[in-house]
Amino acid sequence: MDNKQYDNHLGIIGWLGGGRWGVERYLYILHRVTGLGILLFFLIHIFASSMRMYGPETWAAAMAILKNPIFKLGEFFVFVAFAFHALNGIRLILIELGLAVGKAEEPIYPYKSSLNNQRPLMVIVMVVVAILIIAGGYNTFFGSH
Amino acid sequence: MRETAYWTWFIIAAIVILIFAGLHMVVMHLSMLGVFNPEGGAVTNWGNVAFRSQNQFLAFTYIILLGAALYHGLYGLRTIVFELGPKKSFQDTFTVLLWIVGLVLFAIGTYAAIAAKSLELAL
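Residues numbered from 1 in each chain as written. Chains lettered and ligands numbered in written order. Predicted model: local features only at pLDDT ≥ 70, side-chain atom pairs only at ≥ 80, totals over all residues.

Novice: Explain the overall build of chain A to me, using residue names and the numbers behind them.
Specialist: Looking only at helices and strands, chain A has 4 helices and 0 strands in total. From first element to last, N terminus to C terminus, chain A shows the α and β order α-α-α-α. For 145 residues, the compact-globule estimate of 2.2 N^0.38 gives 15 Å, and the C-alpha radius of gyration of chain A, at 21 Å, exceeds that figure by more than 25%. Oriented by its inertia axes, the alpha-carbon framework of chain A measures out at about 70 × 40 × 25 Å. Looking at chain A residue by residue over its 145 residues, the buried ones come to 10%. (Helix = DSSP H or I, 4+ residues; strand = E, 2+ residues; numbered from the N terminus. Rg over C-alpha atoms; globule rule 2.2 N^0.38 Å. Buried ≥ 20, exposed ≤ 12 C-beta atoms within 10 Å, placed from the backbone.)

Novice: Tell me about the overall build of chain B, and name the residues and values.
Specialist: Regarding its fold elements, chain B presents 4 helices and 0 strands. The linear arrangement of helices and strands in chain B, starting from the amino end, is α-α-α-α. The C-alpha radius of gyration of chain B comes to 18 Å, more than 25% above the 14 Å expected for a compact globule of 123 residues. Taken along the three principal axes of its C-alpha coordinates, chain B extends 55 × 25 × 20 Å.

Novice: Any chance you could break down helix 3 (residues 69–96) of chain A for me, citing the residues and the numbers?
Specialist: Side chains three or four residues apart in an α-helix point the same way, a direct result of the helix having 3.6 residues per turn. An ideal rise of 1.5 Å per residue puts 40 Å on 28 residues; helix 3 of chain A measures up with 40 Å between its terminal C-alpha atoms. Among the residues making up helix 3 of chain A, those that are buried are Val 78, Ala 81, Phe 84, His 85, Asn 88, Gly 89 and Arg 91 of chain A. (Expected span 1.5 Å × (residues − 1).)

Novice: A description of the environment of Glu 96 of chain A should follow, citing residues and the corresponding values.
Specialist: Residues and elements named next belong to chain A. Tracing the backbone through its elements, the reader meets Glu 96 in helix 3. Judged by local crowding, Glu 96 falls into the exposed class, with 10 C-beta atoms found within 10 Å. Once the C-alpha coordinates of Glu 96 and Arg 32 are considered, the two residues, 64 residues apart in sequence, prove to be 17 Å apart.

Novice: Let's hear about the nonpolar core: which residues, and what values?
Specialist: Within soluble globular proteins, side chains that are nonpolar generally end up buried alongside one another. Counting residues in hydrophobic clusters, the biggest one holds 21 residues, and the most contacted among them are Ile 17, Leu 65, Ala 68, Ala 69 and Leu 70 of chain B. Elements with a minimum of two residues in this core: helix 1 (23–50) and helix 3 of chain A together with helix 1 (2–29), helix 3 (56–83) and helix 4 (88–115) of chain B. Those residues in contact with Ala 69 of chain B, other than ones at most four positions away along the chain, are Phe 42 of chain A together with Ile 17 of chain B. Ranked by size, the runner-up nonpolar core spans 5 residues in total, among them Trp 59 of chain A together with Val 49, Ala 50 and Phe 51 of chain B. (Core = buried A, V, L, I, M, F, W, Y, C linked by C-beta atoms within 7 Å. Contact = placed C-beta atoms within 7 Å.)

Novice: Go over the interface of chain B and chain A with me, naming the residues and quoting the values.
Specialist: It is common to report an interface's size as the accessible area lost on association of the parts. Taken together, the contact pairs 27 residues of chain B with 24 residues of chain A. Residue assignment for the side of chain B that touches chain A shows that the elements contributing at least two residues are helix 1, helix 2 (46–53), helix 3 and helix 4 of chain B. Of the residues forming the side of chain B that touches chain A, the biggest block, 7 residues, is contributed by helix 4 of chain B. Partitioning the side of chain B that touches chain A into residue classes produces 17 nonpolar, 7 polar and 3 charged. (Nonpolar A, V, L, I, M, F, W, Y, C, P; charged D, E, K, R; others polar.)

Novice: Account for helix 1 of chain A, with residues named and values stated.
Specialist: Taking 1.5 Å per residue, 28 residues should reach 40 Å; helix 1 of chain A reaches 40 Å between its end C-alpha atoms and fits that length. Here the buried face of helix 1 of chain A lies against helix 3 of chain A together with helix 3 and helix 4 of chain B.

Novice: Break down the environment of Met 51 of chain A for me, citing the residues and quoting the values.
Specialist: In this structure, Met 51 of chain A sits in the loop between helix 1 and helix 2 (56–66). Along the backbone, Met 51 of chain A and Ile 12 of chain A are 39 residues apart, and their C-alpha atoms lie at a distance of 36 Å.

Novice: Give me the lowdown on the packing of helix 3 of chain B against helix 4 of chain B, citing residues and values where you can.
Specialist: Residues and elements named next belong to chain B. As a packed pair, helix 3 and helix 4 sit with axes 10 Å apart at the nearest point and diverge in direction by 160°. Compared by their axis directions, helix 3 and helix 4 come out roughly antiparallel. As helix 3 packs across helix 4, the resulting crossing turns out to be right-handed. Across the interface between the two elements, Ala 59, Tyr 62, Ile 63, Leu 66, Gly 67, Leu 70, Tyr 71, Leu 74, Arg 78, Val 81 and Phe 82 from helix 3 touch Gln 91, Phe 94, Thr 95, Leu 98, Val 101, Gly 102, Leu 105, Phe 106, Gly 109, Thr 110, Ala 113 and Ile 114 from helix 4. The class makeup of the residues in the contact of helix 3 with helix 4 is 16 nonpolar, 6 polar and 1 charged. (Axes fitted to C-alpha atoms, helices over the stretch in contact; angles between N-to-C directions. Parallel < 35°, antiparallel > 145°, perpendicular 65-115°, else oblique. Left-handed = near helix turned anticlockwise from the far one by under 90°.)

Written as structure tokens, this is what we have:
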């Protein structure tokens, strides 16, 4: 892997600006943030669910901790992150495979951005994400558990 | 070439996660599937947990999901860290460290999934 350092290297600061890439760039940032959040949850989940090895008392003690309202809110955030990351990930794979990006055109000035062809897919995916988040929120806070 | 292989496995792991995490969500969150929650009540009640732990198919799906999620998550973390432009020596060390962390967590999770098969049912 090329290890060349560039003068315009922005590091984490570079993630915060979408520039001319628009909303897709912010989705890219959100994809990474949600990915890191899910990874953190997953590492905790491995240890928490492994508690069942030690029998019903240890398991009950671990579950008692997770009944705290803070964890309930955390569970909802994990669901939000998971819904976004999964559906946006499907969108990224489709685009990577050359689907939903329109047909290839000869690059004649004024050039057209393929982002315009990708945008309907992005809008559809984000609407589905929003519906899932509302349904998940209702189930988490008002559903019967 | 190696980076291409890493990335290809990253995408394959994402598809595996979609399938198996989806299945995990259905089993854990759709209370109508009483077949996985014979004790009734919360899915985390001991009787339900012990019952699911004895199911070989579910144990198999846990292990597949564990491996795919660890690989996908840790490779994603590696990509993010590498974008910050660390030196080659750091990149190599970090890659080895992630492999070790991933394999240890996979061993712990797999052991838990297999050892939990002997849990006593409280039904």
